[in-house]
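Each chain, written out:
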Amino acid sequence: MAIETVYMYLNTGIMHDEVMSHRLGLIPIKVDPRKFQFKAPSKELAGPECDISHTDRNTIVFNLNIKCTKNLKALPNSVHPNDKYINSSVTSGMLEWVPNGAQGDVFKDDPIRVVNTNILITKLRPDQEINAELHCQKGIGREHAKWSPVATASYRLLPDIQILEPITGTDAEKFQTLFPDGVVKLVKNSKGILVAKIDNPRKDTMSREVLRHKEFEKKVRLTRIRDHFIFNIESTGVLPANVLFEEACKKLVEKCRLVKHAAQNARTTVAQYNQ
Amino acid sequence: PNVDFCGYSLPHPSESKMHMRIQTDGTVSAVDVLNKGLDDLIELVNHIRNIFHQRSEEGNFEVEEGAEFVLEELDDLMDE
């Protein structure tokens, strides 16, 4: 869910309407998008679950009413705009949610708000005012990145560090410093000498710092395990990251089923064509 | 094992179309291969989801400060 339409009633600030609307659209809204329906863009695509009109099931309304005034209590030599003026910075926390219809009851315990209230939208000076009504709609990340609930998603292969010849004593301690904490562990072997052992290769960042030092060049091999993947999913705050993962799995299965149906239909048409 | 060639390409990134080519050695039909591949993929994803859910329930991990971890019900994996 993200801000899609901005009804600008009054904007005497410096930032243009369209630039500010663009910024408003990118603000993440903390609400579970699964509780809402898509809004049909045109009459042809409307369906039972997809209204073309604004209903309380497909639109969230926010109000942004800010006026910047001079701070009469400011000291004469204050320089910072936060001291001299009131409301000089418009932050995302100033968006007020306006419950419509059933939204007031459904979201009573968990009111709809922005994920982060510190996002700076624009700056104002005295006697400048913004008065706007913002409508949020549901969408997917493919259409515009503002609707994507994921900040970054990446994967890497598990690093595999193999020690070819034993590394002992002071060399072992130096070896430990060349890797991030926790990767190399120093153990005392039967003779009482410190030996380096690989403890947790997951934490290794593959920086290859080891290979910069000539003495370790032949003793160590840095490779990756080809079938062990480590995934990283970062959420923008709308949904917890583990929920994002499960929803993504569901979507992938849905898409597979779609293709399967299509393939089955294609098969019957091909068979008819061949006859 | 029975598949000689399998690949896909996107003729143009702006268009939502994809060309996929499956070539078998004749013992099975290409459409069967496609169906089997999709079935396997569905099974794989469901398996990952189940294991992920199980491990989340066990709680053998750390949640960093400021992060959330909400365990939701695993709804039925629909079968056709």
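Everything here concerns the structure above.
Reference entry: report on the structure contained in this document.

1. Re the overall build of chain A
A tally of regular secondary structure across chain A gives 5 helices and 14 strands. Computed over C-alpha atoms, the radius of gyration of chain A comes to 29 Å, more than 25% over the 19 Å expected from 2.2 N^0.38 for 275 residues, which places it beyond the range of a compact globule. Seen through its C-alpha atoms, chain A measures out along the principal axes to roughly 90 × 80 × 35 Å. For chain A, buried positions account for 32% of its 275 residues. Residue pairs in contact within chain A that sit at least 24 positions apart in sequence constitute 71% of those at least 6 positions apart. Averaging the locations of the 40 positively and 32 negatively charged side chains of chain A gives two centres separated by 5 Å.

2. A few points about the packing of aromatic side chains
Residue and element names in this part refer to chain A. On inspection of all chains with the given rule, the structure shows 6 aromatic pairs over all chains. Here the aromatic rings of F229 and F231 are separated by 6.4 Å at their centres, their planes lie at 45°, and the arrangement is tilted. For F229, a relative accessible area of 41% gives the class partly exposed. When the ring centre of F38 is taken as reference, the NZ or CZ atom of K138 above it lies at 4.7 Å.

3. Notes on the sheet that holds strand β10 (residues 129–137) of chain A
All names here are of chain A. Read from one edge of the open sheet, 4 strands run β1-β10-β3-β7, paired in antiparallel fashion. With one partner strand each, in any of the chains shown, β1 (2–11) and β7 (96–98) form the two edges of the open sheet. Averaged over all neighbouring strand pairs, the angle between strand axes comes to 25°, with direction disregarded. Note that strand β3 (residues 60–67) and β7 share 3 bridges and pair antiparallel.

4. Section: the pattern of salt bridges
A full pass over the atoms with the stated rule returns 9 salt bridges over all chains. A salt bridge links E15 of chain B to K17 of chain B; the nearest nitrogen and oxygen atoms lie 3.9 Å apart. Overall, the relative accessible area of 52% leaves K17 of chain B in the exposed class. Connected through salt bridges with shared partners, the residues D32, R34, E247 and K250 of chain A form a single ionic network.

5. Here's the deal with the nonpolar core
General note: in soluble globular proteins, nonpolar side chains tend to be found buried as a group. Residue and element names in this part refer to chain A. Within the largest apolar cluster, 28 residues are counted, with the highest numbers of intra-cluster contacts made by L24, I60, F62, L64, L95, I112 and L134. Excluding its chain neighbours within four sequence positions, the residues that come into contact with L64 are L24, V90, M94, L95, I130, N131, A132 and L134. Among the nonpolar cores identified, the runner-up in size contains 13 residues, and I161, V184, A196 and F216 belong to it.

Conventions adopted
- Along each chain, numbering runs from 1 in the same order as the chain's sequence is written.
- Just so you know, chain letters begin at A and ligand numbers begin at 1, following the order they were written in.
- Since the coordinates come from a predicted model, pLDDT governs what is reported: local features require at least 70, and pairs of side-chain atoms require 80 or more to be given and counted, while whole-chain, interface and lining totals use all residues.
- Hydrogens and waters are ignored; side-chain quantities use all the structure's heavy atoms.
- The way it works is that DSSP assigns letters per residue, a run of H or I at least four long becomes a helix, a run of E at least two long becomes a strand, and they are numbered from the N terminus.
- Between the two quantities, the radius of gyration covers C-alpha atoms and the globule rule is 2.2 Å times the number of residues to the power 0.38.
- Accessibility here uses a 1.4 Å probe with only protein chains present; expressed as a share of the type maximum, an area under 20% marks a residue as buried, one over 50% as exposed, and anything in between as partly exposed.
- Whether two residues touch is decided by their heavy atoms; if any such pair falls within 4.5 Å, the residues are in contact.
- Residues counted as positive are Lys and Arg, residues counted as negative are Asp and Glu, and His and the chain ends are not counted.
- Charge positions are represented by NZ for Lys, CZ for Arg, CG for Asp and CD for Glu.
- Put simply, two rings from Phe, Tyr or Trp (the six-membered ring, in Trp's case) pair if the centres are within 6.5 Å, and we call them stacked under 30 degrees between planes, edge-to-face over 60, tilted for the rest.
- We call a charge positioned above a ring when the Lys NZ or Arg CZ atom is no farther than 6 Å from the ring centre and deviates by at most 35 degrees from the ring normal.
- Paired strands, as defined in this entry, are two strands with at least two bridges between them according to DSSP.
- Comment: axis = line fitted to C-alpha atoms, over the contacting stretch for helices; angle = value between 0 and 180 degrees taken between N-to-C directions.
- A pair is scored as a salt bridge if a Lys or Arg side-chain nitrogen falls within 4 Å of a carboxyl oxygen belonging to Asp or Glu.
- What we call a nonpolar core is a set of buried Ala, Val, Leu, Ile, Met, Phe, Trp, Tyr and Cys residues that are connected through their side-chain atoms within 4.5 Å.

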